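Now for the letters of each chain:
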Amino acid sequence: MFPPDLERATDRLYTAFAHHRLPPGMATACDHCVDPAEVDEFLRTPLRDLAPDQLGVYLSNPGTWGDGTELPHLVPRLLEGYATGEMKNWWSPETVAQRIEQRWRDWSPAERSAIEDFFRAWWRWTLTSWPSTNPAWDVLKAVAELDLDVGAYLADFAELPGEEPARHLAEVVDSWTWGGRLPGATERALPGWLSGGTPARLLWVAAVAFAESPVGEELTKAAELADLLRDSLAEEGI
């Protein structure tokens, strides 16, 4: 299902975290929150075979099932599940990114690098797929939760040709316009990028290129919106 670069990044992720095992504490959960039978099944299931519902129940019970030391064991399957879209009914990619951000400064450079490599490949696959398994905005928020260089990810819109990246760019512009925000200091990168005019230029180029296709009107409206944002942000001195 994944393109080759994301397949390689996924394999690297599993390899980097392969030495981690579930801690003994995962055998105990608040039985008012998690059925003991579900806990037993979770412990018996090989990592790569954990189902979305099993992972979702785990994510839904922070503090009552696990203390965070189990996360390195589960990270490869969690990220893979979100990237494939298997986890679409359980929270969003930023949920697991928030968990990782709380812990990953204590992880090895190889482990952190494997996560960054995975997110980079996941992002580029998202931009070149329509429909994608996750909205680009959701993946970008997860990237921002890890305090990665959002600017490098935004630059991919100019590097990747075609209708798909342009439609994702329109989605990102629309999400920010309607109140979507990136967490923490990473939020500063997006208004600066919008005010610089690159999104508007890319959207107008795409609108002209695909004017005769069904998405031509969609891209034209997005380009007009990006123009308005650029001018408004410039007036604010951003």
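Everything in this summary refers to the structure shown in the same document. (Residues numbered from 1 in each chain as written. Predicted model: local features only at pLDDT ≥ 70, side-chain atom pairs only at ≥ 80, totals over all residues. Heavy atoms only, no water.)

A count of helical and extended segments in the protein gives 13 helices and zero strands. In the protein, the succession of helices and strands from N to C terminus is α-α-α-α-α-α-α-α-α-α-α-α-α. With the C-alpha coordinates of the protein rotated into their principal frame, the extents come out at 55 × 35 × 35 Å. Across the 238 residues in the protein, those meeting the buried criterion constitute 49%. Excluding contacts between residues fewer than 6 apart, the proportion of contacts in the protein whose partners are at least 24 apart in sequence is 72%. (Helix = DSSP H or I, 4+ residues; strand = E, 2+ residues; numbered from the N terminus. Buried < 20%, exposed > 50% of the residue type's maximum accessible area, 1.4 Å probe, protein only. Contact = heavy atoms within 4.5 Å.)

What the rule picks out here adds up to 14 salt bridges. A salt bridge links Glu86 to Arg77; its shortest N-O distance comes to 2.9 Å. You can call Glu86 partly exposed: its relative accessible area is 34%. Arg77 gets classed as buried once you look at its relative accessible area, which sits at 4%. The salt bridge partner of Glu159 is Arg124, with a shortest N-O separation of 4.0 Å. With Glu159 in helix 9 (residues 156-159) and Arg124 in helix 6 (residues 109-127), this pair connects stretches of sequence that are 35 residues apart. A single network of salt bridges, built from pairs that share partners, joins Arg120, Arg124, Asp156 and Glu159. (Salt bridge = Lys/Arg side-chain N within 4 Å of Asp/Glu carboxyl O.)

This part takes up the nonpolar core. Within soluble globular proteins, side chains that are nonpolar generally end up buried alongside one another. Judged by nonpolar contacts, the single largest core of 77 residues is most densely connected at Ile100 and Ile115. Residue contributions to this core peak at nine residues, all from helix 6. Ignoring anything within four residues of it in the chain, the contact list for Ile100 reads Leu71, Val75, Leu79, Trp107, Ile115 and Leu146. (Core = buried A, V, L, I, M, F, W, Y, C linked by side-chain atoms within 4.5 Å.)

Here the focus is the packing of helix 5 (residues 93-103) against helix 7 (residues 136-145). With their axes 8 Å apart at the nearest point, helix 5 and helix 7 run at an angle of 10° to one another. The orientation of helix 5 with respect to helix 7, classified from their angle, is roughly parallel. Here helix 5 contributes Pro93, Glu94, Ala97, Gln98 and Glu101 to the contact with helix 7, which in turn contributes Asp138, Lys141, Ala142 and Glu145. Grouping the constituent residues of the contact of helix 5 with helix 7 by class yields three nonpolar, one polar and five charged. (Axes fitted to C-alpha atoms, helices over the stretch in contact; angles between N-to-C directions. Parallel < 35°, antiparallel > 145°, perpendicular 65-115°, else oblique. Nonpolar A, V, L, I, M, F, W, Y, C, P; charged D, E, K, R; others polar.)

Turning our attention to helix 12 (residues 198-209). An α-helical segment advances 3.6 residues per turn. Residues three or four places apart therefore align on the same side. For helix 12, which comprises 12 residues, the first-to-last C-alpha distance of 17 Å matches the rise-based estimate of 16 Å (1.5 Å per residue) to within 8%. Every buried residue of helix 12 is accounted for by Pro199, Ala200, Leu202, Leu203, Ala206 and Ala207. Buried residues of helix 12 fall within an arc of 165° about the axis and therefore sit on the same side. Opposite its buried face, helix 12 presents the exposed residues Val205, Val208 and Ala209, each directed more than 90 degrees away. Packed against the buried residues of helix 12 are helix 9, helix 10 (163-177), helix 11 (189-195) and helix 13 (216-235). (Expected span 1.5 Å × (residues − 1). Arc of directions from axis to C-beta.)

This part covers the environment of Thr45. Relative to the helices and strands, Thr45 is located in the loop between helix 2 (36-44) and helix 3 (52-59). For Thr45, a relative accessible area of 18% gives the class buried. The residues contacting Thr45, other than those within four sequence positions of it, are Leu50 and Gln54. At 2.6 Å, the side chain of Thr45 forms a polar contact with the backbone oxygen of Glu41. (Polar contact = N/O pair within 3.5 Å; in protein donor to acceptor, adjacent residues only side chain to side chain.)

Next up on the list: the environment of Asp53. For Asp53, the location among the structural elements is in helix 3. Separated by 33 residues in the primary sequence, Asp53 and Glu86 place their C-alpha atoms 9.2 Å from one another.

Our focus in this paragraph is the state of the cysteines. Overall, the coordinates contain zero disulfides when judged by the stated rule. In this model Cys33 remains outside any disulfide bridge; the closest cysteine sulfur is found in Cys30, 3.1 Å from its own. (Disulfide = S-S within 2.5 Å.)

Turning our attention to helix 13. Spanning 20 residues, helix 13 covers 29 Å between terminal C-alpha atoms, matching the ideal 28 Å at 1.5 Å per step. Considered for burial, the residues of helix 13 that qualify are Gly216, Leu219, Ala222, Ala223, Ala226, Asp227, Leu229 and Leu233. Along its buried surface, helix 13 packs onto helix 10, helix 11 and helix 12.

All right, on to the packing of helix 3 against helix 4 (residues 71-84) then. Closest axis-to-axis distance for the helix 3/helix 4 pair is 11 Å, and the angle between their directions is 125°. Of the possible angle classes, the one that applies to helix 3 and helix 4 is oblique. When you trace helix 3 past helix 4, the crossing you get is left-handed. Every residue of helix 4 that contacts helix 3 at Leu55, Tyr58 and Leu59 is listed here: Leu71, Leu74, Arg77, Leu78 and Tyr82. Classifying every residue of the contact of helix 3 with helix 4 gives seven nonpolar, no polar and one charged. (Left-handed = near helix turned anticlockwise from the far one by under 90°.)

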